[in-house]
Amino acid sequence: MPGTRRTLRQRSYDILLDQTSPHNRRFEIAFGVLDILSVLVIFLETGLASGPGTLLARTHLFEWAELFFTLAFSIEYLLRVISTPRPWRYIFSFWGFVDLATTIPLYVFWLWPEIGAEYVSVWRAMRAIRALRIMKLLRLMPTLNSFWQAVLEARHQLFLFYFFIGIVMVVAGSLMYGIEGPAHGFTSLGVAVYWAIVTVTTVGYGDIAPHTTAGRIVSSILILIGYSVIAIPTGLITAQVTRDIENRRHSRACVHCNHAGHDSNARFCKCCGHRLPVR
């Protein structure tokens, strides 16, 4: 019996956690599709009329769909807890909280219907958290992995840049608070900084606007700075992605002739024709 338990646990591990297993790849894709479908059902449920007299209400279509998704995600969560070598580490991890939060709403409606009915919007929002689970598929996409790796490599430059932008927001907000004042909608320093952030991102809600000449000059400068908020991080990440691609090309050398510089999707050496190592 213990041997059987170990076998079942090992099978669960191969399917759920072993990233080198083809079963794991198929499992992640299947549950990624379920995640997408469950989020679509939530949008349909909140967007379509489902009053007492409608066909959707009489057939309880959304209720049955939510029951199916909740049971599927609950079984997956329990199997992950059982099969992982360190259950508590998974339970208190980010993905552990996400996986658990996506199963809670239906159980709340079952156990505490008064609370579920009172905070129905909150529970629907928690169900929409399932969209985060789709991010698990990123490891199956080499291009997105390269992009994420580029973001991690450029994190120091990005942090310094946004830290500088944050200082500019505080300084600009302070200037606008002193120039415009409460008479023109800048009732506090926080409101002024909020206006600066909205302006520098070129959103411009229009709820607060400068009325003085000096205020409009500051606003114009912030709008020009706003273009760098998009351009500079894009340039940093693009440079890292390009460097990563070049490093992959030069590091992928033929084991027979040692020729490097092959394309990322090349399968054979361009010089001797031998099969290239898989990366």
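Scoring rules and cut-offs
- Per chain, the residues get numbers from 1 upward, laid out in the order the sequence is written.
- A pLDDT threshold of at least 70 governs which residues receive local features in this predicted model, and a stricter bar of 80 or more applies before side-chain atom pairs are shown or counted, although totals over entire chains, interfaces and linings include all residues.
- Excluded from the side-chain calculations are hydrogens and water; all other atoms, namely the structure's heavy atoms, are used.
- UniProt positions are given in the numbering used here, feature names are shortened, and annotations may be inferred rather than shown by experiment.
- Numbering of helices and strands starts at the N terminus; helices are DSSP runs of H or I of at least 4 residues and strands are runs of E of at least 2.
- To sort residues, take the accessible area from a 1.4 Å probe on protein chains only and compare it with the maximum for the residue type: under 20% means buried, over 50% means exposed, and anything in between is partly exposed.
- Should any heavy atoms of two residues lie within 4.5 Å, those residues are considered in contact.
- Residue exposure ignores everything except the shown protein chains as possible cover, and the areas themselves are Shrake-Rupley values with a 1.4 Å probe.
- Here the axes come from fitting lines to C-alpha atoms, over the contacting stretch only for helices, and the angles between their N-to-C directions go from 0 to 180 degrees.
- Any angle from 65 to 115 degrees is called roughly perpendicular, while one under 35 is roughly parallel, one over 145 is roughly antiparallel, and all others are oblique.
- For a crossing to be left-handed, the near helix must be turned anticlockwise from the far one by less than a right angle; the clockwise case is right-handed.
- A pair of Phe, Tyr and Trp rings is counted when the ring centres sit within 6.5 Å of each other, with Trp represented by its six-membered ring. The angle between the planes then sorts it: under 30 degrees is stacked, over 60 is edge-to-face, the rest tilted.

Per an unreviewed UniProt entry, the protein chain goes by the name Ion transport protein and belongs to Shimwellia blattae. UniProt annotates the protein chain under Subcellular location (unreviewed entry) with the comment "Membrane".

**Student:** Sorry, what's going on with the overall build of the protein chain here?
**Tutor:** Check the secondary structure of the protein chain and you find 13 helices and 0 strands. Taking all 279 residues of the protein chain together, 32% fall into the buried category. For the protein chain, the proportion of contacts with a sequence separation of at least 24, taken over those separated by at least 6, is 54%. Accessible surface, the protein chain: about 17700 Å² in total, of which carbon and sulfur atoms supply 69%.

**Student:** Sorry, what's going on with the packing of helix α11 (residues 155-179) against helix α12 (residues 189-200) here?
**Tutor:** Pairs of packed helices are described in terms of their axes, by the angle between the two and the distance that separates them. Direction vectors running N to C along α11 and α12 enclose 120°, while the axes themselves pass 8 Å from each other. On the basis of the axis angle, α11 is oblique to α12. Judged by the twist between their axes, the crossing of α11 over α12 is right-handed. Of α12, the residues touching α11 (which contributes Met 169, Val 170, Ala 172, Gly 173, Ser 174, Met 176 and Tyr 177) are Leu 189, Ala 192, Val 193, Trp 195, Ala 196, Ile 197 and Val 200.

**Student:** Before we go on, may I ask you to explain the packing of aromatic side chains in this structure?
**Tutor:** The way to describe two aromatic rings as a pair is by their centre distance and the angle between their planes. Applying the stated criterion across every chain, the model contains 11 aromatic pairs. Consider the rings of Phe 159 and Phe 163, whose centres lie 6.1 Å apart with planes at 20°: the pair is stacked. In this pair, Phe 159 and Phe 163 both sit in helix α11, 4 residues apart, roughly one turn of the helix. Neither Phe 159 nor Phe 163 differs from the other in exposure class; each is exposed. One aromatic cluster in this structure is built from Phe 27, Phe 31, Phe 68, Phe 69 and Phe 73.

**Student:** When you look at the UniProt feature "transmembrane region" (unreviewed entry) in the protein chain in this model, what are you seeing that I'm missing?
**Tutor:** Per the UniProt record, "transmembrane region" (unreviewed entry) is found at residues 29-49, 61-79, 91-112, 159-179, 186-205 and 217-239. In residues 91-112, the share of helix is 77% and the share of strand is 0%. The end C-alpha atoms are 24 Å apart. Helix and strand shares over residues 159-179 are 100% and 0% respectively, and the end C-alpha atoms of the span are 30 Å apart.

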